[in-house]
Amino acid sequence: MSERLRCGTCLRPRSSCICRWITPVAHEVEVLILQHPLELAQAKGSARLLHLSLMRSRMLTGEVFAADDLPAVPLGSESAAAHAPRHNLLLYPDTPPGSTPLLPAPPALAPELLQPARLRLVVLDGTWRKSRKMLYLNPWLQHLPRLALQDMPGSNYLIRRAHKPDQLSTLEATCAALAQLEGDAERFRPLLDAFDGFVAQQMSYAGPSSK
């Protein structure tokens, strides 16, 4: 596609630009989004909108990542304390007993380290199958402390099929995790409302028969 016809911010065709849904959110926990390559051209994906809205986020695309090569999330002109090393926390469900291949039990993160200003949330963006493959291909991810969301409400992500009723989009899951870690759900409500608008926009392209 000609670059003239593509938005330089959301990277979508200008006719389906989603920039109006970008909702800047000030947050303390850094977010690192590791996106599966097949999601890069997925029009229904929510990770790009999430990244453009979260001020302390970075998004990388690939299947295999070297932990030592991951760049730090840009924080702008802040104090030296804000640039102190962060503790990585993987947003991922608990591994069911008997899963094959077996994965090591993730370590626990000491409660005193669960301070938003000292955390980096690592998010895998992909289908359930692809995100699980990314976890297997990156052993360093398997050894990170894990945050598994529990008792979540139903998703508003009506444009992609979920395997389970409680499965959320990347944007919804990340907002829920940040709300839990920072203790402020209302801070992320405007972004979730914008996400509903994004979903409605995508549904409008499908036509009445697909709604």
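As the structure is a prediction and not an experimental result, all values here were calculated from the model.

1. Regarding the overall build of the chain
Part 1 of the argument: When its secondary structure is counted, the chain shows 5 helices and 5 strands.
Part 2 of the argument: The secondary structure elements of the chain, listed N-terminal to C-terminal, are β-α-β-β-β-α-α-β-α-α.
Part 3 of the argument: Burial status across the chain gives 44% buried among its 211 residues.
Part 4 of the argument: As displayed, the chain offers around 11,500 Å² of accessible surface, 55% of which is attributable to carbon and sulfur atoms.

2. What about the confidence of the model for the chain?
Part 1 of the argument: When the pLDDT values of the chain are averaged, the result is 84; 79% of them are 70 or greater.
Part 2 of the argument: Looking at the elements of the chain, mean pLDDT is at its lowest for helix H5 (residues 189-206), recorded as 91, and at its highest for helix H1 (residues 47-53), recorded as 97.

3. Some thoughts on the sheet that holds strand E1 (residues 30-35)
Part 1 of the argument: On the basis of which strands lie adjacent, the open sheet formed by 5 strands has the order E2-E1-E4-E3-E5 and parallel pairing. Bordering the open sheet on either side are strand E2 (57-61) and strand E5 (146-147), each of which pairs with just one other strand.
Part 2 of the argument: In this sheet, E2 lies alongside E1 in parallel orientation, the contact comprising 5 bridges. By the bridge assignment, Leu32 is partnered in E2 with Arg58.
Part 3 of the argument: Sitting on the sheet, helix H2 (residues 128-137) touches E1, strand E3 (87-91), strand E4 (119-125) and E5, and the angle it makes with E4 is about 125°.

4. Looking at the packing of helix H4 (residues 170-182) against H5
Part 1 of the argument: Running from amino to carboxyl end, H4 crosses H5 at an angle of 170°, the nearest separation of the two axes being 10 Å. Taken together, the axes of H4 and H5 are roughly antiparallel relative to one another. Listed contacts from H5 to Leu171, Glu172 and Cys175 of H4 are Leu191, Leu192 and Phe195.
Part 2 of the argument: Class assignment for the residues of the contact of H4 with H5 results in 5 nonpolar, no polar and 1 charged.

5. A look at the packing of aromatic side chains
Part 1 of the argument: This structure, assessed with the given rule, holds 2 aromatic pairs.
Part 2 of the argument: With a centroid separation of 5.7 Å and an interplanar angle of 20°, the aromatic rings of Tyr92 and Trp128 are classed as stacked. Of this pair, Tyr92 sits in the loop between E3 and E4 while Trp128 is found in helix H2, placing the two residues 36 residues apart along the sequence.
Part 3 of the argument: Note on Tyr92: relative accessible area 6%, which makes it buried.

6. Quick word on H5
Part 1 of the argument: The terminal C-alpha atoms of H5 lie 26 Å apart, and with 18 residues this matches the ideal 26 Å at 1.5 Å per residue to within 8%.
Part 2 of the argument: Turning to H5, its buried residues number three or more, namely Leu191, Leu192, Ala194, Phe195, Gly197, Phe198, Val199, Gln201, Gln202 and Met203.
Part 3 of the argument: Lining the buried residues of H5 we find H1 and H4.

7. Some details on unusual backbone geometry
Part 1 of the argument: A positive phi angle is found at Leu11, which is not glycine, with a value near 65°.
Part 2 of the argument: One can find Leu11 in the segment before E1.

8. What to know about the pattern of salt bridges
Part 1 of the argument: Inspection of the entire model under this criterion finds 6 salt bridges.
Part 2 of the argument: Residue Glu30 pairs with Arg120 through a salt bridge whose shortest N-O separation is 3.2 Å. Placement of Glu30 in strand E1 and of Arg120 in strand E4 is noted, with a sequence separation of 90 residues between them.
Part 3 of the argument: Classification of Arg120 as buried rests on a relative accessible area of 14%.
Part 4 of the argument: For Glu63, the salt bridge goes to Lys133, with nearest N and O atoms at 3.3 Å. You can see Glu63 sitting in the loop between E2 and E3 and its partner Lys133 sitting in helix H2, a full 70 residues away along the chain.
Part 5 of the argument: On the basis of relative accessible area, Lys133 is assigned to the partly exposed category, the value being 36%.
Part 6 of the argument: A single network of salt bridges, built from pairs that share partners, joins Glu30, Arg86 and Arg120.

Rules used throughout
- Every chain is numbered independently, its residues counted from 1 as its sequence is written.
- Per-residue local features of the predicted model are confined to residues with pLDDT of at least 70, and side-chain atom pairs are confined, for both listing and counting, to 80 or more; whole-chain, interface and lining totals are unaffected and use all residues.
- Excluding hydrogens and water, the side-chain figures rest on all heavy atoms present in the structure.
- Labels follow the DSSP assignment, with helices taken as runs of H or I lasting at least four residues and strands as runs of E lasting at least two, numbered in each case from the N terminus.
- With a 1.4 Å probe rolled over the protein chains alone, any residue whose accessible area is under 20% of its type maximum counts as buried; one over 50% counts as exposed, and the rest are partly exposed.
- Per-residue and other accessible areas were derived by the Shrake-Rupley procedure at a 1.4 Å probe size, with only the shown protein chains allowed to occlude residues.
- Residue-level confidence of the predictor is what pLDDT reports, using numbers from 0 through 100.
- Two strands make a pair as long as DSSP finds a minimum of two bridges between them.
- Any two residues whose heavy atoms approach within 4.5 Å at even a single point are treated as in contact.
- Note on method: axes are straight lines fitted to C-alpha atoms, helices fitted across the in-contact stretch only, with angles between N-to-C directions ranging 0 to 180 degrees.
- Any angle from 65 to 115 degrees is called roughly perpendicular, while one under 35 is roughly parallel, one over 145 is roughly antiparallel, and all others are oblique.
- In the scheme used here, Gly and all other residues not listed as nonpolar or charged are polar, with Ala, Val, Leu, Ile, Met, Phe, Trp, Tyr, Cys and Pro taken as nonpolar and Asp, Glu, Lys and Arg as charged.
- Put simply, two rings from Phe, Tyr or Trp (the six-membered ring, in Trp's case) pair if the centres are within 6.5 Å, and we call them stacked under 30 degrees between planes, edge-to-face over 60, tilted for the rest.
- By this rule, a helix spans an expected 1.5 Å times one less than how many residues it contains.
- Here, a salt bridge means any side-chain nitrogen of Lys or Arg that lies within 4 Å of a carboxyl oxygen of Asp or Glu.

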